[in-house]
Amino acid sequence: MSRFRNHLAALLLAALAPLLGVRAFAADSDLSMKSNSIDKQPFGAVDGKAVDLYTLTNAHGIAVKIMTRGATVTAIDAPDRQGKLGDIVLGFDDLKGYLQKVPYFGAIVGRVGNRIAKGRFTLDGKSYQLAVNDGPNHLHGGLKGFDKVVWDAAPVSVRAGVAVKFSYLSKDGEEGYPGNCRVEVTYTLGDDDALKIDYVVTTDADTPVNVTNHSYFNLDGAENGGILDQSLTLNADRYTPVDSTLIPTGELAPVAGTPMDFTQPTPIGARVPLVGDNPKGYDHNYVVNGGGGKLAFVARATGPRSGRILEVYSTEPGVQFYSGNFLDGTLVGKKGAAYRQYSGFCLETQHFPDSVNQPAFPSYVLKAGDTYKSTTVFKFSAK
Ligand code: GLA
């Protein structure tokens, strides 16, 4: 009887979905199981624009919430070793939370994620001065980067999962960057329990482009403590050492024999006191072994208490591993958790910081008429 009711409900939802502008469909013939779905809800307004919250759910119950402001991932519910779902990213229950001074929780950052020294670069013989918003440097696209604008969004159909495409036109001169840039970010939650993020960017004038997602993960749930006992493996034999303002020196240094070495699974906190940053912790770009071409293995993290596992794959040559050093407990997020130092970690797949000023690094300059393509996969499991 209840199965019959579920069946009816699913049919009704499928019939109504197009009218509601929502895609919803059952992926499984056993409708007593959860099925793939996309739900869209209003999530407030900012700058006079309505913000929507999409929830993508797969057949195993994994749910990813993404709002149109900043194309921001606001929640990821993933099962622990007992199958119990728990939220593994930092964030807020409502839009208001995100309108505080928030360090890019879950957002897409760009036009150029990470730092550009002194906000300056020269391209095609012309000099550009961008906003300086991180000490002496430009960080994550400037004062109003991709994380702070409201994106358009629409569900797209994919074979094995559910997907929403977010798009944004970054106009010529926005935040000082040249060229009208059309940016598309598609989040696909697959039946393989992976969240795939595909980035496609085109421009009508040469411009640097380096977009990434800035989720802060805490695999045991931020309300249960910090990430220092969570284990990390990075598929990187080298990293890009930085100066005191976190600009790479240009060197690709071996991690072997240093606290930077995560080639074997290691608790994040095991050597934090030895990392000489201020405040202390990791905030470094690693050079992914074999990265920068086809999808390559980047990282694996595990939560000892929950058994949750996160695996990261990317086409990007680098990953910024950030251990949440600047969090100081003033932001209080979901489930009332105060986000203290080391409450979450980020794995920002990307081109190396300041590449626009470092000719030896792989270039992220997108030429007019060319298409920038990048893919990163976050895969969830538990053991
Ligand atoms: C990136 C940077 C960090 C910090 C965070 C946001 O990860 O590399 O230095 O700015 O964003 O606080």
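Residues numbered from 1 in each chain as written. Predicted model: local features only at pLDDT ≥ 70, side-chain atom pairs only at ≥ 80, totals over all residues. Heavy atoms only, no water.

Focus on the site of the ligand
Where we set the bar: If a single non-hydrogen atom of a residue is within 4 Å of a molecule or strand, that residue counts as near it. Nitrogen and oxygen atoms within 3.5 Å of one another constitute a polar contact, given that in protein one can donate a hydrogen and the other can accept it, and given that sequence-neighbouring residues count only through two side-chain atoms. Shrake-Rupley sampling with a 1.4 Å probe provides the accessible areas, and residues are treated as covered by the protein chains on show and by no other component. Nonpolar residues are Ala, Val, Leu, Ile, Met, Phe, Trp, Tyr, Cys and Pro. Charged residues are Asp, Glu, Lys and Arg, and all others, Gly as well, are polar.
In the vicinity of the ligand lie 13 residues, with Arg115, His140, His214, Asp283 and Glu348 positioned nearest. One of the side-chain nitrogen or oxygen atoms of Arg115 is found 2.5 Å away from an oxygen atom of the ligand. In the complex, 94% of the free accessible area of the ligand, which totals 300 Å², lies under the protein chains. For the shell around the ligand, the per-class residue count stands at seven nonpolar, three polar and three charged.

Things to note about the side chain of Asn285
Note the cut-off: We count a stretch as a helix when DSSP gives it H or I for four or more residues in a row; a strand needs E for two or more, and each element gets its number in order from the N terminus. Throughout, a residue-residue contact means that at least one pair of heavy atoms, one from each residue, lies within 4.5 Å.
Its place among the elements puts Asn285 in strand β21 (residues 283-287). Residues within four places of Asn285 in sequence aside, it is in contact with Tyr239, Thr240, Gly318, Val319, Gln320, Gln350, Phe352 and Pro353.

Let's talk about the nonpolar core
Here is the rule: Residues enter a nonpolar core if they are buried and are Ala, Val, Leu, Ile, Met, Phe, Trp, Tyr or Cys, with the set joined through side-chain atoms within 4.5 Å. Relative accessibility decides the category of a residue: with a 1.4 Å probe and only protein chains considered, values under 20% of the type maximum give buried, values over 50% give exposed, and everything between is partly exposed.
Core analysis: the largest hydrophobic core is formed by 63 residues, its most contacted members being Trp151, Tyr187, Tyr286, Phe321, Phe345 and Leu347. The dominant element in this core, judged by the number of residues it contributes, is strand β13 (residues 181-190), at five residues. Among residues more than four places away in sequence, those in contact with Tyr286 are Leu234, Ala236, Arg238, Tyr239, Val255, Met260, Phe262, Pro317, Gly318, Val319 and Phe321. Of all hydrophobic cores here, the second largest spans 20 residues; its members include Leu53, Met67, Leu90 and Val102.

Points about the sheet that holds strand β14 (residues 194-203)
The strands making up a sheet associate through backbone hydrogen bonding, with each pair oriented either parallel or antiparallel. Put simply, the rule reads: Whether two strands pair comes down to DSSP finding at least two bridges between them.
Pairing within the open sheet is antiparallel, and its nine strands lie in the order β11-β12-β13-β14-β27-β23-β22-β17-β20. Strand pairing shows two members of the sheet lacking a second neighbour, β11 (152-156) and β20 (266-267), which therefore form its edges. As defined by bridge partners, β14 adjoins strand β27 (residues 371-382) across nine bridges and the pair is classed as antiparallel. Its bridge partner being in β27, Leu195 is matched across the sheet by Phe378.

Section: the side chain of Glu311
For Glu311, the position within the fold is in strand β23 (residues 308-314). For Glu311, a relative accessible area of 16% gives the class buried.

Considerations on the environment of Asn278
Along the chain, Asn278 falls in the loop between β20 and β21. The spacing of Asn278 and Thr245 is 33 residues in sequence and 9.7 Å in space, taken between C-alpha atoms.

Notes on the pattern of salt bridges
We apply this condition: Criterion for a salt bridge: a side-chain nitrogen of Lys or Arg within 4 Å of a carboxyl oxygen of Asp or Glu.
Inspection of every chain in the model, using the stated rule, returns 12 salt bridges. Measuring nitrogen to oxygen at the nearest pair gives 3.5 Å for the salt bridge that ties Lys335 to Glu223. With Lys335 in the loop between β24 (318-322) and β25 (346-350) and Glu223 in the loop between β16 (212-213) and β17 (231-234), this pair connects stretches of sequence that are 112 residues apart. Of the residues examined, Lys335 reaches a relative accessible area of 56% and is grouped as exposed. In this structure, Arg305 and Asp229 form a salt bridge, with 3.2 Å as the shortest nitrogen-oxygen distance. With a gap of 76 residues between them, Arg305 in the loop between β22 (296-302) and β23 and Asp229 in the loop between β16 and β17 connect regions that are remote in the sequence.

A closer look at unusual backbone geometry
Cis geometry marks the peptide bond from Gly110 to Arg111, where omega comes out at 10 degrees. Turning to its location among the elements, Arg111 is positioned in the loop between β6 (108-109) and β7 (115-116). A positive phi angle, near 45 degrees, is found at Ala71, a position not held by glycine. The topology assignment puts Ala71 in the loop between β3 (63-67) and β4 (72-79). Assessed through its relative accessible area of 0%, Ala71 is described here as buried. Of note in the backbone geometry, Asp124 takes a positive phi value of approximately 50 degrees without being a glycine.

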